[in-house]
Amino acid sequence: MKNKLVIGNWKMNLSFEEANDLIIAIGDALEGFHTNSEVVLSPSFVYLELATDLAEEYNFSIAAQNCSEYENGAYTGEISASMLAALKVNFCIVGHSERRKYFHETNETIAKKVDLLHKQQLIPIVCCGETMEERKNNEHFKIVEQQLVESLFHLNKEMFGHVIIAYEPVWAIGTGETATPEQAQEMHAFIRSLIEKKYGAETAYNAYILYGGSCNAKNALNLFMQPDIDGGLIGGASLKTSEFIAIIEAADSAAKDN
Ligand code: PEP
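Here the structure is a predicted model, which means the values were calculated and not measured.

Trainee: Is there a simple way to explain the pairing of strand 3 (residues 61-64) in this structure?
Mentor: Two faces, one strand: in a regular strand the side chains alternate between the faces of the sheet. When strand 2 (residues 37-42) meets strand 3, the two strands line up parallel, connected through two bridges. For V40, the partnering residue across the bridge sits in strand 3 and is S61. Two strands pair when backbone bridges link them, and strand 3 and strand 4 (residues 91-94) are joined in this way by two bridges, in the parallel orientation. Counted as the bridge partner of A64 is C92 from strand 4. After leaving strand 3, the chain enters helix 3 (residues 81-86) and then returns to the sheet as strand 4, a path that is right-handed.

Trainee: How do you make sense of unusual backbone geometry when you look at a structure like this?
Mentor: Across the chain, the bulk of peptide bonds are trans and the bulk of non-glycine residues have phi less than zero. The phi torsion at Q121 lies on the positive side, around 60 degrees, for a residue other than glycine. Tracing the backbone through its elements, the reader meets Q121 in the loop between helix 5 (107-119) and strand 5 (123-128). The backbone of S214 shows a phi angle near 55 degrees, a positive value even though the residue is not glycine. Inspection of the secondary structure puts S214 in the loop between strand 7 (208-212) and helix 11 (220-224).

Trainee: Any chance you could explain the packing of aromatic side chains here in plain terms?
Mentor: In this description, an aromatic ring pair is defined by two values, namely the gap between the centres and the angle between the planes. As enumerated under the stated definition, the model contains eight aromatic pairs in all. Ring geometry for Y70 against Y75: centres 3.9 Å apart, planes inclined by 5 degrees, an arrangement best described as stacked. Y70 gets classed as partly exposed once you look at its relative accessible area, which sits at 33%. Where F160 meets Y199, the ring centres are 4.4 Å apart and the plane angle is 20 degrees; that geometry is what we call stacked. Residue F160 is found in helix 8 (residues 157-160), and its partner Y199 is found in helix 9 (residues 181-199); the two are separated by 39 residues along the sequence. Judged on exposure class, the residue F160 and its partner Y199 are both buried. The ring of Y208 has K2 lying over it, and the distance from NZ or CZ to the ring centre is 4.8 Å.

Trainee: Before we go on, may I ask you to explain the side chain of N36 in this structure?
Mentor: Along the chain, N36 falls in the loop between helix 1 (16-30) and strand 2. Exposure remark for N36: the relative accessible area of 10% places this residue in the buried category.

Trainee: Can you help me understand the site of the ligand in this one?
Mentor: With respect to spatial proximity, 14 residues lie near the ligand, and among them K11, H96, E168, G174 and S214 are the closest. Here G174 contributes a backbone N or O atom positioned 2.7 Å from an oxygen atom of the ligand. Computed on the free molecule, the ligand has an accessible area of 290 Å², of which 95% lies beneath the protein chains in the complex. Residue composition of the shell around the ligand, by class: four nonpolar, eight polar and two charged.

Trainee: How should the nonpolar core be read in this particular structure?
Mentor: In globular proteins that are soluble, nonpolar side chains generally tend to be buried together. Counting residues in each nonpolar core, the largest one holds 69 residues, and the members touching the most others are L152, I165, I191, I195 and F224. Sequence-distant contacts of L152, defined by excluding residues within four places in its chain, comprise V114, V126, F160, V163, I165 and Y199. L5, V40, A63 and A166 belong to the second-largest nonpolar core, a separate cluster that totals 12 residues.

Trainee: Could you clarify how one ought to interpret the pairing of strand 1 (residues 4-9) in this entry?
Mentor: For strand 1, the buried fraction is high: six of the six residues fall into the buried class. Neither face of strand 1 is open: one carries K4, V6 and G8, the other L5, I7 and N9, and all of them are buried. Strand direction decides the pairing type here: strand 1 and strand 2, joined by six bridges, are parallel. Bridge pairing in strand 2 places L5 opposite E38.

Trainee: Hey, could you run me through empty space enclosed by the protein in this one?
Mentor: Gaps left between atoms are located by rolling a probe of water-molecule size over the structure's atoms. Evaluation of the coordinates by the stated rule reveals one cavity of 30 Å³ or more. Lining of the largest cavity is provided by Y70, E71, A81, S82, L116 and Q120. Grouping the amino acids of the lining of the largest cavity by side-chain chemistry returns three nonpolar, two polar and one charged.

Trainee: I keep staring at the environment of Q120 and nothing clicks. Help me out?
Mentor: Position of Q120 relative to the elements: it lies in the loop between helix 5 and strand 5. For Q120, a relative accessible area of 25% translates into the label partly exposed. C-alpha of Q120 to C-alpha of A81: the two residues are 39 residues apart in sequence and 6.6 Å apart in space.

Trainee: Honestly, the pattern of salt bridges in this entry has me stumped. Any pointers?
Mentor: Between side chains of opposite charge, pairing is possible as soon as their charged atoms come close. A complete count under the given rule lists 10 salt bridges for this structure. One salt bridge connects E71 with K119, and the closest N-O pair in it is separated by 2.6 Å. With E71 in the loop between strand 3 and helix 3 and K119 in helix 5, the pair connects residues that are 48 residues apart, well separated along the chain. One network of salt bridges, with partners in common, ties together K2, R192, D228 and D230.

Calculation rules
- What you see as residue numbers is a count from 1 along each chain, following the sequence as written.
- Given that this is a predicted model, residues contribute local features only at a pLDDT of at least 70 and side-chain atom pairs are listed and counted only at 80 or more, while totals for whole chains, interfaces and linings are drawn from all residues.
- Excluding hydrogens and water, the side-chain figures rest on all heavy atoms present in the structure.
- Strands are labelled as partners when DSSP assigns at least two bridges between them.
- Numbering of helices and strands runs from the N terminus; a helix is a DSSP stretch of H or I covering at least four residues, while a strand is a stretch of E covering at least two.
- Crossovers are marked right-handed if the path from the first strand over the helix to the second runs clockwise, as seen with the strands pointing away from the viewer.
- Each Phe, Tyr or Trp ring, with Trp reduced to its six-membered ring, pairs with another whose centre is within 6.5 Å; inter-plane angles below 30 degrees give stacked pairs, above 60 give edge-to-face pairs, and intermediate values give tilted ones.
- To sort residues, take the accessible area from a 1.4 Å probe on protein chains only and compare it with the maximum for the residue type: under 20% means buried, over 50% means exposed, and anything in between is partly exposed.
- For a lysine, the NZ atom is tested; for an arginine, the CZ atom; a charge sits over a ring if that atom is within 6 Å of the ring centre and within 35 degrees of the ring normal.
- Whether a residue is near a molecule or strand depends on its heavy atoms: if one lies within 4 Å, it is near.
- Counted as a polar contact is a pair of N or O atoms within 3.5 Å, where, for protein atoms, one must be capable of donating a hydrogen and the other of accepting one, and residues adjacent in sequence contribute only when both atoms are in side chains.
- Only the protein chains shown count as cover for residues, and the accessible areas themselves come from Shrake-Rupley with a 1.4 Å probe.
- Residue type decides the class: Asp, Glu, Lys and Arg count as charged, Ala, Val, Leu, Ile, Met, Phe, Trp, Tyr, Cys and Pro as nonpolar, and the leftover types, Gly among them, as polar.
- Remark: nonpolar core denotes a set of buried residues (Ala, Val, Leu, Ile, Met, Phe, Trp, Tyr, Cys) joined through side-chain atoms within 4.5 Å.
- Residues are treated as being in contact if the distance between any of their heavy atoms lies within 4.5 Å.
- Definitions used for this entry: grid spacing 1 Å over protein atoms alone; cavity, a set of points where a 1.4 Å probe fits but cannot get out; pocket, an open set with protein on both sides within 12 Å along at least 5 of 7 lines; lining residue, one with an atom within 4 Å of a point.
- Grid points are joined across faces, edges and corners, and a volume is the space filled by probe spheres set on the points.
- A pairing counts as a salt bridge when a side-chain nitrogen of Lys or Arg comes within 4 Å of a carboxyl oxygen of Asp or Glu.

Quick look at the structure:
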């Protein structure tokens, strides 16, 4: 049995007090029950120190939402992978579709970030996914393959084992329009087959492929029960304690049943 992984992406939300209260509420609610699922919270940069301090008392890990493609130097406003490592951050999201769209992040820059994160022993959570137009044109498999090949497949087998993939169809993010379990499973199976071709069956089995895009307390269980869905990257629903906890409960029971 493989544990499920649930990551809460808080994006650019919450005041300091709200972030503090949400971390504590989630930490308290998780005490003792999520034995078959792992939880990661991803607050904004300015709350990372608060979050990593509190994470020591609780049963979850912390992810940043981005890092610089540069190692250090004159890049005003940037945050390096080594700065995240110094804060005891464990994971970092890269290539989120909002960053691809608004901040021109490309597969090439994502590959650089992956390497810099690995250098600091951080685990990249690499997002991929197609737009609705690409899906309508039946290009979704080709697009996702290109994203993965160009951002991740330069890694050797060992380093590929230190990566998490999040399939997030752009049309499902923040829209309330979730991929059906069948649509998500089809793409996850395709991603796993690409990994198998490149790195072999064992690496493909062990790879974590999360689904993201309007996942909530109602639809999480059906998604997580799919054989190739190893958990979720959760945006809006991770900002409400009860909703997020219900999603973790769904992950926990899906892990037991799989
Ligand atoms: C996300 O931003 O990674 C995400 C999945 O958002 P939402 O759950 O709000 O669609």
